[in-house]
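Results of the structural survey
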Amino acid sequence: MLIYMSLIDEPEDQSKFEEIYLTYKGLMFYVANQILHNEQDAEDAVLDAFIVVAKNIKKIANPVCPKTQSYVVNIVESKSIDLYRKNKRIETTEYLDEIRAVAAEQTELIGLDDCILKLPARYREVIVLRYYHGFSCKELAQQLGISLSNATKLDQRAKTKLMEICKKEEIL
């Protein structure tokens, strides 16, 4: 909490922040954990959210009221979603590294990895999960947080786009 206090100059604002911190830290952690499903990431999101609150403490009139509660929950939701998206990009990069390794091992697939890398990120993720990791459409839907029909359609679109790129690159 000392880190946050160093961002605030006036003692009145510091006591206001302390009251906000003590009142809402549990709620903020709960909200972040519901989005991220990871306690360490949830703690990071809460820390980032409190930094934003500390920087904007002058905008808060009453530390314990529904308006303030809504404000801090919105901030932690935003920070949690940002962290979730960042983590998704990292996972996608790991899958792409696996694609490169697989394609290098299989000589008949030379050039396919380049075509997969030219796909939009969402389609790349679908191709890797579905055809390299062997996910079913149902598992794919769960992994991506979408409905089964959306996962099936996304799979079809990814395959179609990959075929177009392969034909353009004269791999097929």
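Residues numbered from 1 in each chain as written. Predicted model: local features only at pLDDT ≥ 70, side-chain atom pairs only at ≥ 80, totals over all residues. Heavy atoms only, no water.

**A closer look at the packing of helix H7 (residues 137–144) against helix H8 (residues 148–168)**
Here is the rule we go by: Between the N-to-C directions of two axes lies an angle of 0 to 180 degrees, each axis being a line fitted to C-alpha atoms and, for a helix, fitted only over the stretch in contact. To qualify as a helix, a DSSP run of H or I must reach at least 4 residues; to qualify as a strand, a run of E must reach at least 2; elements of each kind are numbered from the N terminus. Angle categories: roughly parallel below 35 degrees, roughly antiparallel above 145, roughly perpendicular from 65 to 115, and oblique for all the rest. Note on definitions: a residue-residue contact is assigned when non-hydrogen atoms from the two residues lie within 4.5 Å.
The contact between H7 and H8 brings their axes to 8 Å, and the two run at 105 degrees. Considering the angle they form, H7 stands roughly perpendicular to H8. Facing H7, whose interface residues are Cys 137, Lys 138, Leu 140, Ala 141 and Leu 144, H8 presents Leu 148, Ala 151, Thr 152, Leu 154 and Asp 155.

**Observations concerning the environment of Gly 111**
So the rule is basically this: Remark: exposure states derive from per-residue accessible area (1.4 Å probe, protein chains only) relative to the maximum for the residue type, with buried under 20%, exposed over 50%, and partly exposed in between.
Within the fold, Gly 111 resides in the loop between helix H4 (66–105) and helix H5 (112–118). Under the relative-accessibility criterion, Gly 111 is labelled buried at 15%.

**As for the packing of helix H6 (residues 121–132) against H7**
In plain terms, the rule: We call a crossing left-handed when the near helix sits turned anticlockwise from the far one by less than a right angle, and right-handed when that turn is clockwise. Under the grouping applied here, Gly and all other residues not named as nonpolar or charged are polar, the nonpolar ones being Ala, Val, Leu, Ile, Met, Phe, Trp, Tyr, Cys and Pro and the charged ones Asp, Glu, Lys and Arg.
Put simply, H6 and H7 touch, their axes get as near as 10 Å, and they point 135 degrees apart. Between H6 and H7, the crossing angle belongs to the class labelled oblique. Both H6 and H7 take part in a crossing whose hand is right-handed. Counting all contacts with H6, which are made through Arg 122, Glu 125, Val 126, Leu 129 and Arg 130, the residues of H7 involved are Cys 137, Leu 140, Gln 143 and Leu 144. Counted by class, the contact of H6 with H7 contains five nonpolar, one polar and three charged residues.

**Some words on unusual backbone geometry**
One non-glycine residue with positive phi stands out, namely His 37, at about 55 degrees. For His 37, a relative accessible area of 64% translates into the label exposed.

**What to know about the packing of aromatic side chains**
Basically, it comes down to this: Under the pairing criterion, centres of Phe, Tyr and Trp rings, with the six-membered ring standing for Trp, must be within 6.5 Å; the plane angle then separates stacked pairs below 30 degrees from edge-to-face pairs above 60, leaving the rest tilted.
One pass over the full model with this rule turns up three aromatic pairs. Pairing Tyr 21 with Phe 50 gives two aromatic rings, centres 4.8 Å apart and planes at 50 degrees, and the pair type is tilted. Placement of Tyr 21 in helix H2 (residues 11–36) and of Phe 50 in helix H3 (residues 39–55) is noted, with a sequence separation of 29 residues between them. Phe 50 sits in the buried class, given a relative accessible area of 0%. Three or more aromatic residues link up through ring pairs in this structure, and these residues are Phe 17, Tyr 21 and Phe 50.

**Thoughts on the environment of Met 28**
For Met 28, the position within the fold is in helix H2. With 47 residues separating them in the primary sequence, Met 28 and Ile 75 have C-alpha atoms 9.0 Å apart. Residue contacts for Met 28: discarding those within four places in its chain leaves Val 46, Ala 49, Phe 50, Val 72 and Val 76.

Geometry only, nothing functional implied.
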